[in-house]
Amino acid sequence: LAALAEDFAAAGRTVRPKTDQSLIMASPSRDGHHADASATAVSVLLLDADGCGDLSGLRKLLTEEGIAHIFSWSSSCDPTAAKPVHKYHVVIPLSAPALLGTKEEVWRYKRAYAFLAGALGKIAGLSGSLDVMMASPMQPFFRGMRKTEDAPPREVFVQGGRTLDLFQIVNALGFEKVLDR
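Just so you know, these numbers come straight off a predicted model, no measurement behind them.

Participant: Teacher, can you tell me more about the environment of Val 90 here?
Facilitator: Mapping Val 90 onto the fold places it in strand β4 (residues 87–99). Measuring from C-alpha to C-alpha, the distance between Val 90 and Cys 77 comes to 13 Å, with 13 residues separating the pair along the chain. Residues in contact with Val 90, not counting those within four places in the same chain, are Leu 45, Leu 46, Leu 47, Leu 55, Leu 58, Leu 62, His 69, Ile 70, Phe 71 and Phe 141.

The structure is reproduced here in structure tokens:
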């Protein structure tokens, strides 16, 4: 987690166009493609929060619950601007990889991700929804970088703590009941 946080911080000090940014994927690819069928396993949740407003409630929730995470500004985030722009990335390590060997396992993972993203948003009082496109284990995730020399370095916060058991937490929140509908 610390090495990834330093990578985020280093990227956040760099000025580069979005087309020249490095990507992170939640899962390695089994065949070099970026399709869900190419995913092997997910070991981190990658949350993308564009238009959710101030994420201090989410940061507070994760910190108070002792959940390890990285919280960083995206490339276009500027919460101190005259018209604030709130765009953030959150990385949460999983306690065990979600294995994705079959279409059913990918489907279950994506449903669990979307369920948890919705639950976190509601519990944290976000004004918008976390991007459920990130439920795709092969969805590219950009590290935040400065777009211009005038842009301040991207802020990155790292919090050590417990890892998250995705299926345990969503099941405790009623996920299985949702699947049975």
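Participant: In this structure, what is going on with the environment of Ile 24? I would like to understand it.
Facilitator: Along the chain, Ile 24 falls in strand β1 (residues 23–24). A relative accessible area of 11% places Ile 24 in the buried class. Once the C-alpha coordinates of Ile 24 and Ser 127 are considered, the two residues, 103 residues apart in sequence, prove to be 26 Å apart. Excluding residues that lie within four positions of it along the chain, Ile 24 makes contacts with Leu 4, Phe 8, Leu 46, Gln 139, Pro 140, Phe 141 and Arg 143.

Participant: Could you clarify how one ought to interpret the pairing of strand β3 (residues 69–73) in this entry?
Facilitator: Every other side chain in a regular strand lies on the same face of the sheet, so the side chains alternate between the two faces. Within β3, 5 of the 5 residues are buried, leaving the element largely enclosed by the surrounding structure. Two elements, β3 and strand β6 (residues 156–159), share 4 bridges in a ladder whose sense is antiparallel. When the sheet's bridge partners are listed, His 69 is paired in β6 with Gln 159. Relative to β4, β3 runs antiparallel, the two sharing 4 bridges.

Participant: Quick question: what am I supposed to make of the sheet that holds β3 here?
Facilitator: Remark on secondary structure: sheet strands pair via backbone hydrogen bonds, oriented parallel or antiparallel. Read from one edge of the open sheet, 4 strands run β2-β4-β3-β6, paired in antiparallel fashion. Lying at the two open borders of the sheet, with one neighbouring strand each, are β2 (41–50) and β6. The sheet shows a mean angle of 20 degrees between the axes of neighbouring strands, direction not considered. Here β2 runs beside β4; their pairing, made up of 9 bridges, is antiparallel. Bridging across to β4, Ala 41 finds its partner in Leu 99. On top of the sheet, helix α2 (residues 56–64) reaches β3, β4 and β6; it is set at about 160 degrees to β3, its chief contact. Sheet strands in contact with helix α3 (residues 103–124) are β2 and β4, and its direction is about 40 degrees off that of β2.

Participant: Got a minute to help me understand α2 in this structure?
Facilitator: Note on helix geometry: an α-helix contains 3.6 residues per turn, so any two residues three or four positions apart are oriented the same way. Here α2 has its buried residues at Leu 58, Leu 61 and Leu 62. Looking down the long axis of α2, one finds its buried residues gathered within 95 degrees of arc, a one-sided arrangement. Opposite the buried face of α2, by more than 90 degrees, sit the exposed residues Lys 60 and Glu 64. Contacts made by the buried residues of α2 are with β3, β4 and α3. Note on α2: the residue one or two positions beyond its end, Gly 66, has a positive phi of about 70 degrees.

Participant: Is there a simple way to explain the nonpolar core in this structure?
Facilitator: As a rule of thumb, nonpolar side chains are buried together in soluble globular proteins. One finds Leu 45, Leu 55 and Leu 58 to be the most contacted residues of the largest nonpolar core, which totals 47 residues. No other element matches the 9 residues that α3 contributes to this core.

Participant: Hey, could you run me through the side chain of Arg 154 in this one?
Facilitator: Mapped onto the secondary structure, Arg 154 falls in the loop between β5 (141–142) and β6. Take Arg 154: its relative accessible area is 6%, and that puts it in the buried class. A distance of 3.0 Å separates the side chain of Arg 154 from the backbone oxygen of Ser 74, its partner in a polar contact. A polar atom in the side chain of Arg 154 sits 2.8 Å from the backbone oxygen of Pro 152.

Participant: Looking at this model, I keep getting lost on the packing of α2 against α3. Mind explaining?
Facilitator: The description of two packed helices rests on the angle between their axes and on the distance between the axes. With their axes 8 Å apart at the nearest point, α2 and α3 run at an angle of 100 degrees to one another. With respect to their mutual orientation, α2 and α3 come out roughly perpendicular. Residues Gly 57, Leu 58 and Leu 61 of α2 touch α3, and the partners they reach there are Leu 120, Ile 123 and Ala 124. For the contact of α2 with α3, the per-class residue count stands at 5 nonpolar, 1 polar and no charged.

Criteria and cut-off values
Residues numbered from 1 in each chain as written. Predicted model: local features only at pLDDT ≥ 70, side-chain atom pairs only at ≥ 80, totals over all residues. Heavy atoms only, no water. Helix = DSSP H or I, 4+ residues; strand = E, 2+ residues; numbered from the N terminus. Contact = heavy atoms within 4.5 Å. Buried < 20%, exposed > 50% of the residue type's maximum accessible area, 1.4 Å probe, protein only. Pairing = 2+ DSSP bridges. Axes fitted to C-alpha atoms, helices over the stretch in contact; angles between N-to-C directions. Arc of directions from axis to C-beta. Core = buried A, V, L, I, M, F, W, Y, C linked by side-chain atoms within 4.5 Å. Polar contact = N/O pair within 3.5 Å; in protein donor to acceptor, adjacent residues only side chain to side chain. Parallel < 35°, antiparallel > 145°, perpendicular 65-115°, else oblique. Nonpolar A, V, L, I, M, F, W, Y, C, P; charged D, E, K, R; others polar.

None of the figures reported here should be taken as evidence of function without further support.
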